[in-house]
Amino acid sequence: MLNTEDYMKIFHEIKNSVTLINSYLQLVEKKNPQISSFDYWDSSKSEVARLRTVVTELSQVKFGDSLQLEYTDLNSFLTECCNNFHCFDGAEQISCKLSLPETPCVAAVDAKQLRHAILNLLKNSCEAMEHHGTIKLSLFQNNGAASIRITDSGGGIAPDVMDHIFDPFITTKSEGSGLGLSITKQIITAHHGTITVESQQGEGATFTLMLPLAQAD
């Protein structure tokens, strides 16, 4: 059976090849501008870009390994996620409005994996709002669980997509991999948590993560 290191080597090699192909396509177009008007040229570039996204997202996931859990104050953790999100391209005109409890909210989490899940949801919200507006990131404590809510004011999710939103390769983006939400759910499930979504077309969407809080000694 392949272990995580084996998978990482495979993805690294595939990513290198895809990156080279993408570079070659750009070089060909630069030297032969007329090719941009050829049939299937734009589609070829789009598919290469999508493949690169798929490999990149898969390379960021653990396969078969246990999570590296540490007791983490989710107040500080989410503040850091919000700050990290502002460093991404396209987030310059997005305001991330935090709503946090006054008391510490501690959970045992793999910070690297959970950060990947949170940032993926924040980036999805950013794209849904066409890179401008306000994202609300809220944290609540409820019956021994932490509830993390991410709300945007984008166009919402189409009803025919809602039932399959966490399935692999389901995407409405032209160059999306369709793996982001599937990977996010995998990470949350590994933490013994749940993820749900509510949405009305034209009124945005809210993703809710429920994670078990650390038990007091």
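The rules behind the values
- Residues numbered from 1 in each chain as written.
- Predicted model: local features only at pLDDT ≥ 70, side-chain atom pairs only at ≥ 80, totals over all residues.
- Heavy atoms only, no water.
- Axes fitted to C-alpha atoms, helices over the stretch in contact; angles between N-to-C directions.
- Helix = DSSP H or I, 4+ residues; strand = E, 2+ residues; numbered from the N terminus.
- Left-handed = near helix turned anticlockwise from the far one by under 90°.
- Contact = heavy atoms within 4.5 Å.
- Nonpolar A, V, L, I, M, F, W, Y, C, P; charged D, E, K, R; others polar.
- Phe/Tyr/Trp six-rings, centres within 6.5 Å; stacked < 30°, edge-to-face > 60°.
- Buried < 20%, exposed > 50% of the residue type's maximum accessible area, 1.4 Å probe, protein only.
- Parallel < 35°, antiparallel > 145°, perpendicular 65-115°, else oblique.

Q: How would you summarise the packing of helix 4 (residues 111-128) against helix 6 (residues 180-190) if you had to cite specific residues and measurements?
A: Closest axis-to-axis distance for the helix 4/helix 6 pair is 9 Å, and the angle between their directions is 145 degrees. Pair helix 4 / helix 6 crosses with left-handed handedness. Contact with helix 4, carried on its side by Gln 113, Leu 114, His 116, Ala 117, Asn 120, Leu 121 and Asn 124, involves Gly 180, Leu 181, Ile 183, Thr 184, Ile 187 and Ile 188 of helix 6 and no other residues of that element. Considering only residue class, the contact of helix 4 with helix 6 consists of seven nonpolar, six polar and no charged.

Q: Which residues make up the packing of aromatic side chains, and what values do they have?
A: Applying the stated criterion across every chain yields a total of one aromatic pair. Plain terms: the ring middles of Phe 166 and Phe 207 are 6.3 Å apart, the flat faces sit at 80 degrees to each other, and that makes the pair edge-to-face. In this pair, Phe 166 sits in the loop between helix 5 (159-162) and helix 6 while Phe 207 sits in strand 7 (residues 205-212), placing the two residues 41 residues apart along the sequence. The two residues Phe 166 and Phe 207 agree in class, both being buried.

Q: Give me the packing of helix 3 (residues 74-85) against helix 4: which residues, what numbers.
A: Here helix 3 crosses helix 4 at 50 degrees, and the two axes come no closer than 10 Å. Classified by the angle their axes make, helix 3 and helix 4 are oblique. Seen from above, helix 3 lies across helix 4 with right-handed handedness. Packed against helix 3, whose contacting residues are Leu 74, Phe 77, Leu 78, Glu 80, Cys 81, Asn 84 and Phe 85, the element helix 4 presents Ala 111, Leu 114, Arg 115, Ile 118, Leu 119, Leu 122, Lys 123 and Cys 126 at the interface. In terms of residue class, the contact of helix 3 with helix 4 is made up of eleven nonpolar, one polar and three charged.

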